[in-house]
Amino acid sequence: AFGVAAADEAILDADLRIEERSSEWRDRAGVCVGTGIGSIEILSDASCLIDSKRPKGYRRLSPYFVPRTLVNLTAGQISMKHGLRGPNHACSNACATGANSIGDAYRFIQRGDADVMIAGGTEACIHPVSVAGFAKMRALCTFCVCVLLLLLLLLSLSLFFFLFHFHDHILDKQQVQKRHTIPEQ
């Protein structure tokens, strides 16, 4: 969903006006959007469903399990939503996926396979399994750094609310002064 929303914003920012384009134009416009890991949550939930404690769990597995785990799902959704019938490509290269997708899109245009490409990367691996994996790799920040960042965030939010209330207080004071001022004649 986030990848499709980001593509929608990119299309608006680029002022492509896809709905006004011809069928030939749509045949030469494609999508190149990948993902670093894919849907960890779907894989984890399916694994829990069919573990040894539930021998008949496979019956409860969704028939959409495999399509929902494919890395090209977002690219397909973007192309179907906007009617883009050119190349449809997805790669999965961990943290380099977005940059790799942009490079692949460039090569599609360079070789003459497409005139326009929607390109980028998307990820949503915020799940206990992926967080545990990145923590075991020591790829996440340490506790002290996290606490420091949290304190900075709270401080900035406090400052924002202070400024917001201070601004409201000044506006209220100005409105009171206007009400008590005698208009000149």
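Residues numbered from 1 in each chain as written. Predicted model: local features only at pLDDT ≥ 70, side-chain atom pairs only at ≥ 80, totals over all residues. Heavy atoms only, no water.

Draft legend 1. Quick peek at the overall build of the protein chain. The helix and strand inventory of the protein chain stands at eight helices and three strands. For the protein chain, the N- to C-terminal ordering of α and β elements is α-α-β-α-α-α-β-α-β-α-α. Contacts spanning at least 24 positions in sequence make up 70% of the contacts within the protein chain whose residues lie at least 6 apart. Split by element, the accessible area of the protein chain, about 13600 Å² in all, is 63% carbon and sulfur. (Helix = DSSP H or I, 4+ residues; strand = E, 2+ residues; numbered from the N terminus. Contact = heavy atoms within 4.5 Å. Areas by Shrake-Rupley, 256 points an atom, 1.4 Å probe, with all protein chains shown as cover.)

Draft legend 2. Structural view of unusual backbone geometry. Non-glycine residue Arg-17 carries a positive phi angle of around 50°. Mapped onto the fold, Arg-17 is located in the loop between α1 (2–13) and α2 (23–27). Even without glycine at this site, Ala-94 takes up a positive phi of about 55°. By the element assignment, Ala-94 lies in the loop between β2 (88–89) and α6 (97–110).

Draft legend 3. Local environment of the confidence of the model for the protein chain. On average, residues of the protein chain score 80 in pLDDT, and 74% of them are at 70 or above. Ignoring residues within four places in sequence, the model shows residues 163–167, a span with pLDDT below 50, making zero contacts including any to other chains. (pLDDT = per-residue confidence, 0-100.)

Draft legend 4. Expanded view of the environment of Cys-125. As for its placement among the helices and strands, Cys-125 is situated in the loop between β3 (116–122) and α7 (128–136). Residue classification places Cys-125 among the buried residues on the basis of a relative accessible area of 13%. In this structure, the C-alpha to C-alpha distance between Cys-125 and Ile-37, residues 88 residues apart in sequence, is 7.1 Å. In this structure, Cys-125 is in contact with Ile-37, Ile-40, Ser-130 and Phe-134, ignoring residues within four places of it in sequence. (Buried < 20%, exposed > 50% of the residue type's maximum accessible area, 1.4 Å probe, protein only.)

Draft legend 5. Structural view of the sheet that holds β2. In space, the three strands of this open sheet follow the order β2-β1-β3, with parallel pairing throughout. Every interior strand has two partners, whereas the edge strands, β2 and β3, have only one. Direction of pairing for strand β1 (residues 29–35) relative to β3: parallel, over a ladder of seven bridges. In the strand pairing of β3, Cys-32 is matched with Ala-119. In this fold helix α5 (residues 73–82) packs onto β1, β2 and β3, with an angle of close to 155° to the strand it touches most, β1. (Pairing = 2+ DSSP bridges. Axes fitted to C-alpha atoms, helices over the stretch in contact; angles between N-to-C directions.)

Draft legend 6. Representation of the pattern of salt bridges. Applying the stated rule across the entire model yields six salt bridges. In this structure, Lys-81 engages Asp-8 in a salt bridge whose closest nitrogen and oxygen atoms are separated by 2.5 Å. One end of the pair, Lys-81, is in helix α5; the other, Asp-8, is in helix α1, with 73 residues separating them in the sequence. Note that Arg-17 and Asp-15 form a salt bridge whose closest N and O atoms lie 3.1 Å from each other. (Salt bridge = Lys/Arg side-chain N within 4 Å of Asp/Glu carboxyl O.)

Draft legend 7. Focus on the pairing of β1. Here β1 lies mainly inside the structure; seven of its seven residues are buried. Alignment of β1 against β2, held across two bridges, turns out to be parallel. Following the sheet pairing, Cys-32 is matched in β2 by His-89.

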